[in-house]
2 protein chains.
Amino acid sequence: MGAHYTLETGGASAEVIGAANGLSEADLEAALPRAERAERALVEAREEGLAGFLDTPLHGEMADAVNEAAAALRGRCAVLVVCGMGGSALGARALLDALAPEGPVGLPGGRAADRPRILVLDTADPAVVAPLLDRLPADATTWNFVSKSGRTLETAAVYGVVRSRLEEALGAGWRERVVVTTDPAEGPLREEARRERLRSLEIPPSVGGRFSALTPAGLFPAAAAGVDVRALLRGAAEAAAGFVSGDPDRNEALRLALWLVLLAERRGRRHHCMAAYARGLAAATEWWRQLWAESLGKEGRGFDATAAEGPAFQHSLLQLWMQGPADKAFVLVEVEDPGADLVVDAPGPPGAPWLARRTLGDAHRALAAGTAAALAAAGRPVLRIRLPSLGPAPLGAFLQLWMTAAALAGPMIGVSPFGQPGVEEGKRNAAALLGEGEGDRRSRVESLLDRMRRPR
Amino acid sequence: MGAHYTLETGGASAEVIGAANGLSEADLEAALPRAERAERALVEAREEGLAGFLDTPLHGEMADAVNEAAAALRGRCAVLVVCGMGGSALGARALLDALAPEGPVGLPGGRAADRPRILVLDTADPAVVAPLLDRLPADATTWNFVSKSGRTLETAAVYGVVRSRLEEALGAGWRERVVVTTDPAEGPLREEARRERLRSLEIPPSVGGRFSALTPAGLFPAAAAGVDVRALLRGAAEAAAGFVSGDPDRNEALRLALWLVLLAERRGRRHHCMAAYARGLAAATEWWRQLWAESLGKEGRGFDATAAEGPAFQHSLLQLWMQGPADKAFVLVEVEDPGADLVVDAPGPPGAPWLARRTLGDAHRALAAGTAAALAAAGRPVLRIRLPSLGPAPLGAFLQLWMTAAALAGPMIGVSPFGQPGVEEGKRNAAALLGEGEGDRRSRVESLLDRMRRPR
C-alpha cells in the first residue's frame, strides 16, 4: 500500500543521472524474468517454513500475547531490560526509538508514568553490565532474555549472572522478574523457561532472528512502552498484501530489491548506504544494516551496507559519498511530518538571515532535498523513500518492505537470505577458548593468535 | 609511546593469512620511500598551519581555559547541551562515552552531583529539538554551540531557536546560558560572541573540525563531565612524540597508515572496518569513521569506513565480513581491563555450562580473540589494537594515533587529508531552497528534484 510510504527511483535512473550511473528501462525489463524467479523462490521458502515473517503481521494472537505480557508489567516495573544480540536487539530498538523514544539525558520521556523505561542491552561487556546490576533495583526491574535459538553466548552469560543476583535478592520471587522470548519448542532457553516456569513468549519457528522485529522479540518491548502494536502489524500486513500478490506492479519490495541488485551488478554500486532524515529512524537504519549485510553477504557475494543518520552523515560521510569511489547507491529516507516544529525568529541566526521565519522542519527538509540533488547531480544513484509520519503503521510497512526486499534480493544474487553460516566459527573459537569441549580447536586457535601477535 | 596501546599487525601479514591476503616484508620495504614522503608532507602541512592537531596536546593554556569554563558551570547547571555537527559532536561524544558515560536509562551515572548531565545534540530535527526545549529548564541548562567555521547550517538554525527561547525566559540573563566554541577570529559565530559578549572558547585556526576532539570542541564537554583533560592531553602528547620524531620505527601512526593503504592497494581491501570490543569505545569508532572517510574520500580515491561495536557486530556484520566479498580489512580494538567484572555462578547458564566460574570479561575477551582468529583463518586481514584500560591517557593516545594516521594516509594516496570540498554542494542547495541568494540554483535544484520524483 503506497499510503504508508512512497519509493522514488528517478534519482537512480539513467534518464536523470546518466547512462553510466543509472538504470534504464531496458535494464529493468531485461531483469523481469529474474525478478519473477525471485518471487517464486520466496513463495517456496514460505512453503518450506523459512519466511514466516511474511505472515506474522496477520497473527492477531501474537498481539494479544505481547499486550498481555506488557500489561502484567504495569505499575510494578520501573525498568525493562531487553537482553539480546543482533536481531534480538535491533528490532526492539528500531521500534522503540521511532515510536516511544526515551526522554533525553534522563529527563522524563513522553510516556505514561506507569510504563517502564526500557533499556536494550546488546552486550556482555562487564563495564556495562556491572554498573547496571549495581544501580537497577532488583524488585522493580524485569529482564527480558531474547534469543531465537536460545544459544546466544552473550545472552546466556548475562542470564547466568542476572539469575544468581536476582535469586540472592528476591529468593523464589526471581522468576517473576524474568520474561523469556525464544523458539516455542526448542533450545536451552526454552528448556529453562519450562523447568523454571518462567513467563515466556514465542518467536515462530519459521522466523529467523533478523526477521523477528514484528514478533514478540520486538513487539513485547514496544508494547511495554505503550506502542500500539496492532497498528504496527496492520501497517506491515497492508504492505505485505502487495508483496505477495503475485502482481509485480504492486510489489514495491521487488522493485526496491531489483533496483539495488541491478545498480550493484550493472553499475558497480555494490555498497548500499541508507541515511534517514529523522533521528527516530536512526535505530531502524542499524536494523536495516544487519538485515541487508547478513542476509546477502555469503559465498563471496552480497553488498556492503552503511547506516547513517541525516543530517549527521552530511558532516561525516558525505565527502566520501560525493567524491570518493563511485561504488555506492544511496537510499535516503525522509519523514514528511516531524510531529513538532519550531520557528526561527527574525532576524535569523548569525550568518544565515535567510533562515528567519523558517522552521527547523523547513531546514531539515531542505537539507534532505539539497543533498539528494547534490548526490544525483554528481552521478551518484539516489533512491528516496518517504513516510508521511513516524507512526506505527508506516513504520510497520517500512520494516516489512525491507524484510521482503532482502528475502527477494537473496535469490536474485543466488544466495539464501536465511541463515548465517559464517558466524559460527568465531563463536566456536570463543567457546573453545573458554574451555568448552574441542581441545584441538583451542590449541589451534591459541597458536594462530600467537602468530598474529608477531611482529608486534 | 607503546605504553598507551599496542598495535599488532601479524593478522594482516602474508606469513599468517597467506600471500593473496596479507602483506609481506617486501611489500612494506618497497613502500618505505613513500612513507617517508608522507612524513615530509605532514611536516610541511604543519608548517603551513594545517596540521595543528599535532601540537594542540602540548597547549597547557587550552586545558586551563576549558577547566575554568567547566568550573563556572558547577552547581548552577543541571544539563549541558553540546550543539554541533560532525567533528563538533563526534569528538565530544567519543570522550564522554569512554570517560564519563551517562547512567543507563535515566539512572544516575557515576558522576558527582554538581556535574551537569551532558547531551550532544547533532541534529536540527524538530522532533528532537522541540521536546528538548519543552523539557529542559531554561535557568539550569547551558547551551554550548560548537562550529569551527561558525557557519554550520544546523547549528545556526538551532542557535536561532534557542536564543529566542532563552531571551523570552531569562531576559538579558540568556547570555549566561550560552558558551560558544569556534575559531578565535573569524566567522559569524565568533562575531556573535563578540557582539553579545558571550563566554567563548577557541578552536585553533590550524585545526579543522574532524581533528578538533582534543581542542575545546571535545575538551570543554569532557571537563564539564569531570574528565581529567590534562591526562587526556598527556596521553596524546606522549603518543605524538613518536609520530613527529622523524624515526619511522617509533612512528606507529605511520605504520598503521601504511598497512591500511597497502592492504587497499595491493590486496584490494579498500573497505576498512573498525570494531571495538568495549561499549565505551562505540562513539570513538563513529568518530574514526568520519575521520577516515572524510579525510581520504576525495578525487575518486579513499576508503570505505565502517564503525561497529563488538560483540554486537558479530550478530550483525560478521556474516558479511567472513563470507561476503574479500574487499575488507579489519581493525579490532580491545581494552584489556574492563574496570569491573562479574562471575557466572555454577552450574552456568542453560546450554553453556562451560561458562560457570568464568567472568563476563573472560567471555568478552574470548569472543574478541575467537573472532579475530576466525577472520584471520578465513584470510581476512586483521589488525589488533589494545588499550590497557579505558582511561584518559590511553584514549588521548588512541585519538592522536588515528588523527596522525589519517593525516599521513592522505599524502600516501595523493589527496589532501584536510578540508571537505565535496560537502558544499548539498549545503548550497539547501540554502538556495530556503531562499538564500542564488535564484538560478534554486530553480535548477527544484527541477532536478522534480525529475527524481518520476517515475514514482
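The model shown is predicted, which means the values in this text are computed figures rather than measured ones. (Residues numbered from 1 in each chain as written. Chains lettered and ligands numbered in written order. Predicted model: local features only at pLDDT ≥ 70, side-chain atom pairs only at ≥ 80, totals over all residues.)

It is worth spelling out the overall build of chain A at this point. In terms of helices and strands, chain A carries 17 helices and 10 strands. For chain A, whose C-alpha radius of gyration is 23 Å, the value lies close to the compact-globule estimate of 23 Å for 456 residues. Taken along the three principal axes of its C-alpha coordinates, chain A extends 70 × 60 × 55 Å. Out of the 456 residues in chain A, the part that is buried amounts to 63%. Looking at chain A alone, contacts between residues at least 24 apart form 76% of all its contacts between residues at least 6 apart. (Helix = DSSP H or I, 4+ residues; strand = E, 2+ residues; numbered from the N terminus. Rg over C-alpha atoms; globule rule 2.2 N^0.38 Å. Buried ≥ 20, exposed ≤ 12 C-beta atoms within 10 Å, placed from the backbone. Contact = placed C-beta atoms within 7 Å.)

Residue and element names in this part refer to chain B. Read across the sheet, five strands follow the order 3-2-4-5-6 without closing on themselves; strand pairing throughout is parallel. Two strands lie at the open edges of the sheet, namely strand 3 (117-121) and strand 6 (199-202), each paired on one side alone. Averaged over neighbouring strand pairs, the angle between their axes works out to 20° when direction is ignored. Both strand 5 (residues 178-182) and strand 6 contribute to a ladder of four bridges, which runs parallel. Each residue of the ladder has a partner; that of Thr181, found in strand 6, is Leu201. (Pairing = 2+ DSSP bridges. Axes fitted to C-alpha atoms, helices over the stretch in contact; angles between N-to-C directions.)

Residues and elements named next belong to chain A. As a packed pair, helix 5 (residues 87-99) and helix 9 (residues 216-224) sit with axes 8 Å apart at the nearest point and diverge in direction by 35°. Of the two possible hands of crossing, helix 5 and helix 9 adopt the one that is right-handed. Here helix 5 contributes Ser88, Gly91, Ala92, Leu95, Leu96 and Leu99 to the contact with helix 9, which in turn contributes Ala217, Gly218, Pro221 and Ala222. The residue inventory of the contact of helix 5 with helix 9, partitioned by class, reads seven nonpolar, three polar and no charged. (Left-handed = near helix turned anticlockwise from the far one by under 90°. Nonpolar A, V, L, I, M, F, W, Y, C, P; charged D, E, K, R; others polar.)

Turning our eyes to something else, we now look at helix 14 (residues 360-377) of chain A. Residue and element names in this part refer to chain A. Between the first and last C-alpha of helix 14 there are 25 Å, a value that for 18 residues agrees with the 26 Å anticipated at 1.5 Å per step. Burial runs high along helix 14: 16 of the 18 residues are buried. Once helix 14 ends, the next one or two residues include Gly379, with phi positive near 80°. (Expected span 1.5 Å × (residues − 1).)

Where strands meet in a sheet, backbone hydrogen bonds hold them as pairs that are either parallel or antiparallel. Residues and elements named next belong to chain A. The mixed open sheet is built from five strands, whose spatial order is 1-10-9-7-8. Of all strands in the sheet, those bounded by a partner on one side alone are strand 1 (6-8) and strand 8 (304-309). Across this sheet, the average inter-strand angle for adjacent strands is 20°, counted without regard to direction. Across seven bridges, strand 7 (residues 271-277) lies against strand 9 (residues 328-337) in parallel orientation. Its bridge partner being in strand 9, Tyr277 is matched across the sheet by Glu334. Helix 11 (residues 252-267) contacts strand 1, strand 7, strand 9 and strand 10 (382-389) of the sheet and is inclined by roughly 25° relative to strand 1.

Our next topic: the domain arrangement of chain A. Residue and element names in this part refer to chain A. When its domains are assigned, chain A resolves into domain 1 (2-46 + 233-413), domain 2 (53-230) and domain 3 (421-453). Distance between the C-alpha centres of domain 1 and domain 2: 30 Å. Taken together, the elements giving at least two residues each to the side of domain 1 that touches domain 2 come down to helix 10 (229-243), helix 12 (282-296) and helix 15 (392-413). Of the residues that constitute the side of domain 1 that touches domain 2, the class distribution is 16 nonpolar, five polar and four charged. (Domains from an automatic or database assignment.)

In screw terms, the move from chain A to chain B is a rotation of 180° and a rise of 0.0 Å along the axis, fitting with an RMSD of 0.0 Å. Considering both components of the superposition, the chain copies are consistent with a two-fold axis. (Least-squares fit on C-alpha atoms with pLDDT ≥ 70 in both.)

This paragraph deals with the pairing of strand 3 (residues 117-121) of chain A. Along a regular strand, successive side chains alternate from one face of the sheet to the other. Residue and element names in this part refer to chain A. Where burial is concerned, most of strand 3 is hidden: five out of the five residues are buried. The pairing of strand 2 (residues 79-83) with strand 3 spans five bridges and is classified as parallel. In the sheet register, Cys83 faces strand 3, and the bridge partner there is Leu121.

The partner chain B presents 130 residues to the 130 residues of chain A that form the contact. Element by element, the count of residues in the side of chain A that touches chain B is highest for helix 14 of chain A, at 15 residues. Taken together, the residues of the side of chain A that touches chain B sort by class into 63 nonpolar, 38 polar and 29 charged.

Within the largest apolar cluster, 346 residues are counted, with the highest numbers of intra-cluster contacts made by Ala222 and Ala257 of chain A together with Ala222 and Ala257 of chain B. Apart from the residues lying within four places of it in its own chain, the contact partners of Ala257 of chain A are Ala405, Leu408, Ala409 and Met412 of chain A. (Core = buried A, V, L, I, M, F, W, Y, C linked by C-beta atoms within 7 Å.)

All names here are of chain B. Structurally, the position occupied by Arg190 is in helix 8 (residues 188-196). With 21 C-beta atoms packed within 10 Å, Arg190 lands in the buried category. Counting along the chain gives 208 residues from Arg190 to Phe398, while the straight-line C-alpha distance between them is 31 Å. If near-sequence neighbours (up to four positions away) are discounted, Arg190 is found in contact with Gly150, Thr182, Asp183 and Ala185.

Next up on the list: the packing of helix 5 of chain A against helix 12 of chain A. All names here are of chain A. Between helix 5 and helix 12, the least distance of the axes is 7 Å, while the angle of their chain directions is 155°. The orientation of helix 5 relative to helix 12 falls into the category roughly antiparallel. The interaxial crossing formed by helix 5 with helix 12 has left-handed handedness. Residues Gly87, Leu90, Gly91, Arg93, Ala94, Asp97 and Ala98 of helix 5 form the contact with helix 12, whose own contacting residues are Ala282, Ala283, Ala284, Glu286, Trp287 and Gln290. Residue composition of the contact of helix 5 with helix 12, grouped by class: seven nonpolar, three polar and three charged. (Parallel < 35°, antiparallel > 145°, perpendicular 65-115°, else oblique.)

For helix 6 (residues 126-135) of chain A, the set of buried residues is Pro126, Ala127, Val128, Val129, Leu132 and Leu133 of chain A. For helix 6 of chain A, the elements touching its buried residues are helix 7 (153-170) of chain A together with helix 14 (360-377) of chain B.

This part covers unusual backbone geometry. All names here are of chain A. The peptide bond linking Ala346 to Pro347 adopts the cis configuration, its omega dihedral lying at 5°. When you line up the elements, Pro347 lands in the loop between strand 9 and helix 14. The phi dihedral of Arg357 falls on the positive side, at around 65°, and the residue is not glycine. Counting through the fold element by element, Arg357 comes out in the loop between strand 9 and helix 14.

Another point: the environment of Leu133 of chain A. You can see Leu133 of chain A is positioned in helix 6. Taking the C-beta count within 10 Å as the criterion, Leu133 of chain A has 20 such neighbours and is therefore assigned buried.

Moving on to the confidence of the model for chain A. In this model, chain A carries an average pLDDT of 93, and 97% of its residues clear a pLDDT of 70 or more. Among the scores for the predicted complex, ipTM is 0.95 and pTM is 0.96. (pLDDT = per-residue confidence, 0-100.)

This brings us to the environment of Phe53 of chain B. Residue and element names in this part refer to chain B. With respect to the helices and strands, the residue Phe53 is situated in the loop between helix 3 (32-47) and helix 4 (60-71). Residue Phe53 is classed as buried on the basis of its 27 C-beta neighbours within 10 Å. As for Phe53 and Asp125, which are separated by 72 residues in sequence, their C-alpha atoms are 31 Å apart. If sequence neighbours within four positions are ignored, Phe53 has contacts with Val207, Phe211, Leu214 and Met403.

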